[in-house]
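Each chain, letter by letter, is given below.
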Amino acid sequence: TETDYELEMNLPGFKKDQINVKLEDGYMTISASKGHDQEKKDKHGKIIRQERYAGSLQRSFYVGDAVKVEDLKAKYEDGVLKLFIPKKELKALPGNNTIAIEG
């Protein structure tokens, strides 16, 4: 948008408390992890089926040193994490930023 960058990340099957968003040294890191154990037993207590799953993911984005934690907004709904990162003005480089070409 004109004022924010919008970042959408699909995280189907994750719950809100399994997702972590952290801002450190200008990098925003999104991580999520979950585990799943399921057993099905017959009426005598013997295992008929047993499933186990563990998964995790992590992704980092550079958002700039000017962005602070209190500037970020996050929303998680229907398996989609939406992050709103404000656009900060870039400081102009001092002097002439043209590179001379030799030859």
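Details of the structure are given in the entry above.
From a predicted model like this one, the values you see are computed outputs, not experimental measurements.

Novice: Whenever I open this one, the layout of surface pockets confuses me. Can you help?
Specialist: The method is simple in principle: a probe with the dimensions of a water molecule rolls over the atoms, and the space it marks as empty is what remains. Taken as a whole, the second largest pocket holds about 180 Å³ of empty space. Around the second largest pocket, the lining comprises 13 residues; the ones closest to its centre are Val-21, Lys-73, Ala-74, Leu-81 and Leu-83. Residues belonging to the lining of the second largest pocket are distributed by class as follows: 9 nonpolar, no polar and 4 charged.

Novice: Can you walk me through the packing of aromatic side chains in this structure?
Specialist: Two numbers describe a pair of aromatic rings. These are the distance of the centres and the angle of the planes. In total, this model carries 1 aromatic pair according to the counting rule given. Arranged with centres 5.0 Å apart and planes meeting at 65°, the rings of Tyr-27 and Tyr-62 form a pair that is edge-to-face. With Tyr-27 in strand E3 (residues 27–41) and Tyr-62 in strand E4 (residues 47–62), this pair connects stretches of sequence that are 35 residues apart. It is Lys-34 that lies over the ring of Phe-14; its NZ or CZ is 5.1 Å from the centre.

Novice: I keep staring at the nonpolar core and nothing clicks. Help me out?
Specialist: General note: in soluble globular proteins, nonpolar side chains tend to be found buried as a group. Ranked by size, the top nonpolar core spans 15 residues in total, and within it Met-28, Ile-30 and Leu-81 carry the most contacts. For this core, the secondary structure elements donating two or more residues are strand E1 (4–10), strand E2 (19–24), E3 and strand E6 (80–86). Beyond its immediate sequence surroundings of up to four residues, Ile-30 is in contact with Leu-7, Met-9, Asn-20, Val-21, Leu-57, Gln-58, Arg-59, Phe-61, Leu-81 and Leu-83.

Novice: Where do I start with unusual backbone geometry in this structure?
Specialist: Trans peptide bonds make up most of the peptide bonds, and negative phi angles are found at most residues other than glycine. In this structure, Asp-25 is a non-glycine residue whose phi angle is positive, near 55°. Owing to a relative accessible area of 63%, Asp-25 belongs among the exposed residues under this scheme. Residues other than glycine seldom take positive phi values, yet Asp-78 does so here, at roughly 55°. Here Asp-78 is to be found in the loop between strand E5 (73–77) and E6. Relative accessible area serves as the criterion here: at 76%, Asp-78 is assigned to the exposed category.

Novice: How should the pattern of salt bridges be read in this particular structure?
Specialist: Side chains carrying opposite charge are able to pair once their charged atoms draw close together. The tally for this structure, following the rule as stated, stands at 5 salt bridges. The partner of Lys-82 in a salt bridge is Glu-8, with the nearest N and O atoms 3.9 Å apart. You can see Lys-82 sitting in strand E6 and its partner Glu-8 sitting in strand E1, a full 74 residues away along the chain. A salt bridge links Glu-39 to Lys-41; the nearest nitrogen and oxygen atoms lie 3.8 Å apart. The exposure class of Glu-39 is partly exposed, given its relative accessible area of 43%.

Novice: What exactly am I supposed to notice about the pairing of E4 here?
Specialist: Working note: regular strand, side chains alternate between the two faces of the sheet. Sheet analysis places E3 next to E4, joined by 15 bridges and oriented antiparallel. Its bridge partner lying in E4, His-36 is registered against Tyr-53. Here E3 folds back onto E4, and the loop between the two strands holds 5 residues, one of which, Gly-45, carries a positive phi near 90°.

Each value, and the rule that gives it
- Residues numbered from 1 in each chain as written.
- Predicted model: local features only at pLDDT ≥ 70, side-chain atom pairs only at ≥ 80, totals over all residues.
- Heavy atoms only, no water.
- 1 Å grid on protein atoms, 1.4 Å probe; cavity = no way out; pocket = protein on both sides within 12 Å on 5 of 7 lines; lining within 4 Å.
- Points joined across faces, edges and corners; volume = space filled by probe spheres on them.
- Nonpolar A, V, L, I, M, F, W, Y, C, P; charged D, E, K, R; others polar.
- Phe/Tyr/Trp six-rings, centres within 6.5 Å; stacked < 30°, edge-to-face > 60°.
- Helix = DSSP H or I, 4+ residues; strand = E, 2+ residues; numbered from the N terminus.
- Lys NZ or Arg CZ within 6 Å of the ring centre and 35° of its normal.
- Core = buried A, V, L, I, M, F, W, Y, C linked by side-chain atoms within 4.5 Å.
- Buried < 20%, exposed > 50% of the residue type's maximum accessible area, 1.4 Å probe, protein only.
- Contact = heavy atoms within 4.5 Å.
- Salt bridge = Lys/Arg side-chain N within 4 Å of Asp/Glu carboxyl O.
- Pairing = 2+ DSSP bridges.

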